[in-house]
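What the coordinates show
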Amino acid sequence: MIKVIGVRFRQAGKVYYFDPLDLDIKQGGNVIVETARGVEFGYVVMGPREIEDEKVVQPLKPVMRIATPEDEAVESNNRAKEKEAFKTCVQKIRSRNLEMKLIGCEYTFDGNKLLFYFTADGRVDFRELVKDLASVFRTRIELRQVGVRDEAKILGGIGICGRPLCCHSYMADFAPVSIKMAKEQSLSLNPTKISGICGRLMCCLQNEAEVYEELNRKLPRVGDSVTTPDGLKGEVRETNVLKQLVKVVVEVDDEKELREYAVGELKFKPRHKKERDDEKGGKGGKRGKNKDNKNQKNREEIEEERELEELERLERNDGKSKLDDD
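Residues numbered from 1 in each chain as written. Predicted model: local features only at pLDDT ≥ 70, side-chain atom pairs only at ≥ 80, totals over all residues. Heavy atoms only, no water.

1. Some points on the pattern of salt bridges
Side chains carrying opposite charge are able to pair once their charged atoms draw close together. Put simply, the rule is: In the sections that follow, a salt bridge refers to a side-chain nitrogen of Lys or Arg positioned within 4 Å of a carboxyl oxygen of Asp or Glu. Only DSSP runs of H or I covering at least 4 residues are called helices, and only runs of E covering at least 2 are called strands; the numbering of each starts at the N terminus. A simple rule labels every residue: compare its accessible area, found with a 1.4 Å probe on the protein chains alone, to the largest value its type can have, and call it buried under 20%, exposed over 50%, or partly exposed in between.
In the structure shown here, the tally under the stated rule is 21 salt bridges. Note that Glu-82 and Arg-79 form a salt bridge whose closest N and O atoms lie 2.2 Å from each other. Here Glu-82 pairs with Arg-79, and both are found in helix α1 (residues 69–95), just three residues apart, close to one helical turn. Judged by relative accessible area, which is 30%, Arg-79 ranks as partly exposed. One salt bridge in this structure joins Asp-224 and Arg-221, with 3.9 Å as the shortest N-O distance.

Laid out in structure tokens, this is it:
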């Protein structure tokens, strides 16, 4: 076991571990530490505690000192200078007609480096821009191209749920998200309804994915044959995942009736995980059949299918966040 504290350098940023030494450091305080980017002002989000050695990336750097009022004044001044630096960089980008969108900028605490974050559709030759900025600010300049998820994390905003964006308010890392998660939760596969303001799949699809996957595994598929507690044979018409209820069409006195049962009352062949995966997006699943029958779809359905495929491709290509220095 090793004693550490957890430090963040931005809101909802990655938590880094440092050696607290013998300093009286408390959660909610501020510290000065040395990082890969230089000397930084950090926010203590986890007070001193012991954790397993394998969870710590060695070498574990020590805290330089607890932040003083003078340090806090320097940090506040850096934040003010960043606003002016942002305006200057925007002007320089326009003067050189570069196809890039500036998202934010950061001074390191010691002022030895100024980082600019931007998005662009492709590669951008910003070598001359770096020279322009270095001549103005007289410090080391770094321009870092980030993705649209990082853009949303930096700028923040309000999601379709009416709450602040998860990535900006509390998510330290981006969790892998897939179309399969939306299918498991019986959500509309309309790309506009399952995408966030960044244009990628909503991160919150991951929140309940494991629960839905487990609950779905206990249910029969729509169209499956089941035996009811009355001894009747029927066909599944509809399922309610959260309530674990199944609507079954049964034949009584030569008439068909729709009855609802708890899944535990029915007898049917349970499906295994592989069968579930195939159904949700595998070779024999619904998705595969849709591809084979595209000629039978109307134009809107085909376009929606293309948008879903593009979303999946973008998810695979995005990779990890570019904001952190590991």
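2. Regarding helix α2 (residues 127–137)
Every α-helix carries 3.6 residues per turn, so stepping three or four residues along brings you back to the same face. Definition in use: Arc definition: directions from the helix axis to the C-beta atoms. Contacts were defined at the residue level, with two residues in contact if any of their heavy atoms lie within 4.5 Å.
Taken residue by residue, α2 has Leu-129, Asp-132, Leu-133 and Phe-137 as its buried positions. Take α2 and look down its axis: the buried residues cluster within an arc of 115°, on one side only. Seen from the buried face of α2, the exposed residues on the opposite side, beyond 90 degrees, are Arg-127 and Lys-131. Elements in contact with the buried residues of α2: α1, β6 (101–107), β7 (113–119) and β8 (140–145). Just past α2, the residue Arg-138 takes up positive phi, approximately 55°.

3. A word on the nonpolar core
What counts, and what does not: Residues belong to a common nonpolar core when they are buried Ala, Val, Leu, Ile, Met, Phe, Trp, Tyr or Cys residues joined through side-chain atoms within 4.5 Å.
Within the largest apolar cluster, 18 residues are counted, with the highest numbers of intra-cluster contacts made by Met-100, Phe-116, Leu-133, Phe-137 and Leu-143. Of all the secondary structure elements, the ones that give two or more residues to this core are α1, β6, β7, α2 and β8. Contact partners of Leu-143, with chain neighbours within four places excluded, come to Met-100, Phe-116, Phe-118, Phe-126, Leu-129, Val-130 and Leu-133. Membership of the second largest hydrophobic core comes to 13 residues, among which are Tyr-212, Val-226, Val-241 and Val-263.

4. Section: the packing of aromatic side chains
For clarity, the cut-off: Aromatic contacts are taken between Phe, Tyr and Trp rings whose centres are within 6.5 Å, Trp giving its six-membered ring; a plane angle under 30 degrees counts as stacked, one over 60 as edge-to-face, and the others as tilted. For a ring to carry a charge above it, either NZ of a lysine or CZ of an arginine must fall within 6 Å of the ring centroid while also lying within 35 degrees of the normal to the ring plane.
Tallied over the full model, the rule gives six aromatic pairs. Ring centres 6.4 Å apart and planes at 45° place the aromatic pair Phe-116 and Phe-137 in the tilted group. Taken together, the residues Phe-116 in strand β7 and Phe-137 in helix α2 connect sequence positions 21 residues apart. These aromatic residues form a ring-pair network of at least three members: Phe-9, Tyr-16 and Phe-18. Here the guanidinium or amino end of Lys-81 rests over the ring plane of Tyr-107, the centre of that ring lying 4.6 Å away. Directly above the aromatic system of Phe-174 lies the positively charged group of Lys-153, at a separation of 5.7 Å from the ring centroid.

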